[in-house]
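Chain residues, written in single-letter form:
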Amino acid sequence: QVQLVESGGGLVQPGGSLRLSCAASGSIFSINAMGWYRQAPGQQRDVVARIISGGSTTYADSVKGRFTISRDNAKNTVYLQMNSLKPEDTAVYYCNADLKPTPGPYNYLYWGEGTQVTVSS
């Protein structure tokens, strides 16, 4: 059983910062990639940022230059540093991990429960 637990969400004023964390635990053999997605009310879930095992990162255009994704492989934890937050960043933020729970050819995708980020004055 694999669990992803997010933390760090909350209410912040425009221009402020938040740091999200997501820790993966349980039966984990290896992690290929971890990422952050977000979903605003009435909208689809979209990718925010991803980081693969080698350290390469990708970002949605809307967050480039403001958000930074990083990963602590020893702790199976991914972070999202969010700066210069805007009201349009308001959403539930979800963590996911593409991993092998046991040795073998197949990877599986796991999701966290989500953490609310609200940017408002």
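Scroll up for the structure.
These figures come from a predicted structure and were not determined experimentally. (Residues numbered from 1 in each chain as written. Predicted model: local features only at pLDDT ≥ 70, side-chain atom pairs only at ≥ 80, totals over all residues. Heavy atoms only, no water.)

A. Representation of the overall build of the chain within the structure. Scanning the chain from N- to C-terminus turns up zero helices and 11 strands. Along the chain, helices and strands appear, N-terminal first, in the series β-β-β-β-β-β-β-β-β-β-β. Expected size for 121 residues packed as a compact globule is a radius of gyration near 14 Å; at 14 Å, the chain falls within 12% of this value. Counting only C-alpha atoms, the chain reaches 50 × 25 × 25 Å along its principal axes. Looking at the chain residue by residue over its 121 residues, the buried ones come to 40%. In the chain, the proportion of contacts linking residues at least 24 apart, taken out of those at least 6 apart, comes to 55%. (Helix = DSSP H or I, 4+ residues; strand = E, 2+ residues; numbered from the N terminus. Rg over C-alpha atoms; globule rule 2.2 N^0.38 Å. Buried < 20%, exposed > 50% of the residue type's maximum accessible area, 1.4 Å probe, protein only. Contact = heavy atoms within 4.5 Å.)

B. Representation of the state of the cysteines in the model. One pass over the full model with this rule turns up one disulfide. The residue that forms a disulfide with C22 is C95, at a sulfur-sulfur distance of 2.0 Å. Measuring handedness by torsion sign, the sulfur bridge of C22 and C95 sits at about -75° and is left-handed. Here C22 is found in strand β3 (residues 18-26), whereas its partner C95 is found in strand β9 (residues 91-100), with 73 residues between them in sequence. Accessibility classification places C22 together with C95 in one group, the buried group. (Disulfide = S-S within 2.5 Å.)

C. Layout of the side chain of K100. By secondary structure assignment, the location of K100 is in strand β9. One buried charge, K100, has no salt-bridge partner; the nearest side chain with opposite charge is D98, at 7.5 Å. Side chain to side chain, K100 and N107 meet in a polar contact 2.7 Å long. Not counting residues up to four positions away in its chain, the partners in contact with K100 are I28, F29, S30, P105, Y106 and N107. (Lys, Arg positive; Asp, Glu negative; His and termini not counted. Salt bridge = Lys/Arg side-chain N within 4 Å of Asp/Glu carboxyl O. Polar contact = N/O pair within 3.5 Å; in protein donor to acceptor, adjacent residues only side chain to side chain.)

D. Quick peek at the pattern of salt bridges. Under the defined criterion, the tally for this structure stands at three salt bridges. One salt bridge connects D61 with K64, and the closest N-O pair in it is separated by 3.1 Å. Each member of the pair, D61 together with K64, is exposed. As a salt-bridge pair, D89 and R66 come within 2.8 Å of each other at their nearest N and O atoms. Of this pair, D89 sits in the loop between β8 (77-82) and β9 while R66 is found in the loop between β6 (57-59) and β7 (67-72), placing the two residues 23 residues apart along the sequence. Each of R38, R66 and D89 takes part in one network of salt bridges that share partners.

E. Inspection of the packing of aromatic side chains at higher detail. Scanning the entire structure with this criterion turns up one aromatic pair. Geometrically, the ring pair formed by Y37 and W111 is edge-to-face, given 5.0 Å between the ring centres and 70° between the ring planes. Taken together, the positions of Y37 in strand β4 (residues 30-39) and W111 in strand β10 (residues 108-111) put the pair 74 residues apart, joining distant regions of the chain. Exposure remark for Y37: the relative accessible area of 16% places this residue in the buried category. Over the face of the ring belonging to Y94 we find R45, whose NZ or CZ atom lies 3.6 Å from the ring centre. (Phe/Tyr/Trp six-rings, centres within 6.5 Å; stacked < 30°, edge-to-face > 60°. Lys NZ or Arg CZ within 6 Å of the ring centre and 35° of its normal.)

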